[in-house]
There are 2 protein chains.
Amino acid sequence: MNVLLSRDSQVRAMENTVSNAERYFGQFCSLLASYTRKTARLRDKADQLVKQLMDFANTENPELRATMKDFAEDLAKVQDYRQAEVERLEAKVISPLKLYGAQIKQTRADIKKCKRVQNNEIKQLEKLEKLRQKSPSDRQMISQAETSAQRASVDTNRSTHHLAETVDAFQEQKLKDLRRIFSDFVTIEMVFHAKAVEVYSSAFRTLESYDLERDLQDFRAKMRGAYGHSEARPLTDNSPSLSVPWPLASQSVQSTMAHQEKDEEESEADSVEEIPLEDLKGQHQGRRD
Amino acid sequence: MNVLLSRDSQVRAMENTVSNAERYFGQFCSLLASYTRKTARLRDKADQLVKQLMDFANTENPELRATMKDFAEDLAKVQDYRQAEVERLEAKVISPLKLYGAQIKQTRADIKKCKRVQNNEIKQLEKLEKLRQKSPSDRQMISQAETSAQRASVDTNRSTHHLAETVDAFQEQKLKDLRRIFSDFVTIEMVFHAKAVEVYSSAFRTLESYDLERDLQDFRAKMRGAYGHSEARPLTDNSPSLSVPWPLASQSVQSTMAHQEKDEEESEADSVEEIPLEDLKGQHQGRRD
C-alpha cells in the first residue's frame, strides 16, 4: 500500500510542478504583456512630444529651429528603438510565455490519465481484498482478481513511469525556457537602454551647441524689424488680416483705417510693418548657406 | 500713421512670441507630465513583476530560487532608478514648465497695458484730425489737441519701449529655460538608461551563471523522493493534504486508506521496490550536503 501512497505523492508533486508553472508563467505572461503595452504608450506619448517639438521648431528662428528639429529627431530615434523593444518583447518574451498554455494543458492531460490508471489499480486491489475477506476459499475468483490487480499494477507502473518522464521533460523545458525568456528580456531591455544612452548623448551635444546669443540677436532684429525697418518688404500682400492694424479699433478708428488702406496701396513699398520674418529668414538663409 | 502701424506690428510680434510660448510650453508641459506618469506606470508594472518573481523563486529549488531572487532584485533596482527618473522629471522638467504659466500671465498683462496706451494715442490723433477738418481756424483747440496727442505719443513710446524690454527679457529667459529644461530632460533620461544598462548587465550575468543541470538534478531527486523516500524530504510534512492521497477516492477507497495509513509506519523503509531511482536520490542529497 505504501507503494500506492508514494506513487500518489509523486503524482501530486508533479501536479504541483505543473500548477506552479501554470500559475507563475501565466502571471509573468500577463505582467510582461502589460509592461510591453505600457512601454508602447510611453512611445506614443513621446511621439506626440516629437510632433509638438517639430511644430514648435517651425515657429522659431533658424538657430533654435535647427536645434529643436535635431533634438526632436533624436527623441524620435529613441522611440524607434522603443518600438523595436516592444516588437521584440512580444516575439521573444510574451509569445513563448503564451505557448506555455498549450504545453501545460498537454501535461495536465497526461497527469489526469495517469490518475485514472492509478485509481483502477486501487479498485482492483479493493476487489481482491473484499474477495479474500468474504470468500477466502474461492481460489479461482481470488486468482482472477489477483491477475487483474497485477495487470492494473503493471499499467500503473508504466503510466507513472511515462508521466515521470513527461514531467521531467516538462521541467527541463521549463527551466531552459525560463532562462532563455528572461535572458531575452534582459537582452532586449539592455539593447534598448544602450541605444537610448547613445542617442541621448547626441541629443545632449545638440542642445549644448545651441547658440542662444545668435538666436537672441535674430529675435531682436526681428522685433526691430517689426518696429520700423521692414520698408523693403511687401508684407501686406501675403497677410490680408494685417490690413486691419487694430483689431479692437472703434468705429472712428475704422474710418481712419479706410484712410490708411488707401494710403497703403500707394506706399506699399514702405508699409514697413508686419513681418520682417520673411526678411530675416532671407538673411539667415544666406548666413546658413 | 506708418509709425503707429509699425508700433502695432511690433506689439503683434510680441504677442505672437508670448502666445507661441504659452501654446507650446503648455503642450510640452502636459505631454511631459503624461510621459512621466506613463513612466511611473511602467515602474508599477515592473514592481508587480518583481513581486511575482520573488514569490515564484520561493516555490523553486535552491539553484533557481537564488537566480530568480537575484534577477528580481536587479529588476527592482532598475525600478528604483526609474523612480528617481520620475522624481527628477517632475522637479527639473515639469515644475519649471509649469512656472511658465505665471510668467506668461505677467507678460500678457504688460502687452495689454501697452495696447491701451497705444489706443489712447490713436484716439488723440483722431480727435486732432477731426478738429483740423471741422474747425481748421480754431487755433487754440487744435493746439490743445496737438499737446494731448504729443503727450499720448510720448506715453506710447515709453510704454512700447518698456514692453520691448520686457519681451526681450522674456524671450531670453524662454530660450535659456528651453535649453536648460530639455538638457535636464536628456540628462535625466541618459542617467536612467545608463544605470539600466549597468543593472541589466549584472542581471544577464546572473541568468548566464544559473546552473540548470544542478537544478534539474534537484528536481529529479525531489520527484524520486516523492515517489518513495519522502522521509528524506520534508515534502509531505509541509503538506497535510498529502495525508489524503486520493482526493477523488470513493468511500471504499477511504477504508483502504485507513488500512494503508497503519501500514505506512511499518513498511516505510522498504517501500523502495518501485524505483531503482531511490538510490540515486540518496546519493544526490549526499552530494548536495
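Looking at an unreviewed UniProt entry, one finds chain A named CBY1-interacting BAR domain-containing protein 2, with Mesocricetus auratus as its source organism. As stated in UniProt under Sequence similarities (unreviewed entry), the record for chain A gives "Belongs to the CIBAR family."

A few words now on a positive patch on the surface. Taken together, the side chains of Arg37, Arg41 and Lys98 of chain A together with Arg37, Arg41 and Lys98 of chain B present a region of like positive charge at the surface. Counting only elements with at least two residues in the positive patch, the list comes to helix H1 (2–59) of chain A together with helix H1 (2–59) of chain B. Among the structural elements, arginine 41 of chain B can be located in helix H1. Residue class for arginine 41 of chain B comes out partly exposed when judged on its relative accessible area of 39%.

A few words on the environment of serine 9 of chain B. If you trace the backbone, serine 9 of chain B turns up in helix H1. Counting along the chain gives 197 residues from serine 9 of chain B to threonine 206 of chain B, while the straight-line C-alpha distance between them is 66 Å.

Turning next to the packing of helix H2 (residues 62–134) of chain B against helix H3 (residues 139–208) of chain B. Residues and elements named next belong to chain B. In the contact formed by H2 and H3, the axes pass within 8 Å of each other and the chain directions differ by 170 degrees. It follows that H2 is roughly antiparallel to H3 by the angle criterion. Looking at the contact of H2 with H3 residue by residue, the class counts come to 35 nonpolar, 15 polar and 18 charged.

On to the pattern of salt bridges. Throughout the structure, instances matching the rule amount to 28 salt bridges over all chains. Across the salt bridge formed by arginine 108 of chain A and glutamate 22 of chain A, the nearest N and O atoms sit 2.5 Å from each other. Separated by 86 residues along the polypeptide, arginine 108 of chain A in helix H2 (residues 62–134) and glutamate 22 of chain A in helix H1 bring together distant segments of the chain. Glutamate 22 of chain A gets classed as partly exposed once you look at its relative accessible area, which sits at 35%. Counted as one network, the salt bridges with shared partners bring together Asp168, Glu172 and Lys176 of chain A together with Arg220 of chain B.

About the cut-offs
Residues numbered from 1 in each chain as written. Chains lettered and ligands numbered in written order. Predicted model: local features only at pLDDT ≥ 70, side-chain atom pairs only at ≥ 80, totals over all residues. Heavy atoms only, no water. UniProt positions renumbered as here; feature names shortened; annotations may be inferred. Patch = residues over 30% accessible without salt bridge, like charges linked within 9 Å, V, L, I, M, F, W, Y side chains within 5 Å. Areas by Shrake-Rupley, 256 points an atom, 1.4 Å probe, with all protein chains shown as cover. Salt bridge = Lys/Arg side-chain N within 4 Å of Asp/Glu carboxyl O. Lys, Arg positive; Asp, Glu negative; His and termini not counted. Charge placed at Lys NZ, Arg CZ, Asp CG, Glu CD. Helix = DSSP H or I, 4+ residues; strand = E, 2+ residues; numbered from the N terminus. Buried < 20%, exposed > 50% of the residue type's maximum accessible area, 1.4 Å probe, protein only. Axes fitted to C-alpha atoms, helices over the stretch in contact; angles between N-to-C directions. Parallel < 35°, antiparallel > 145°, perpendicular 65-115°, else oblique. Nonpolar A, V, L, I, M, F, W, Y, C, P; charged D, E, K, R; others polar.

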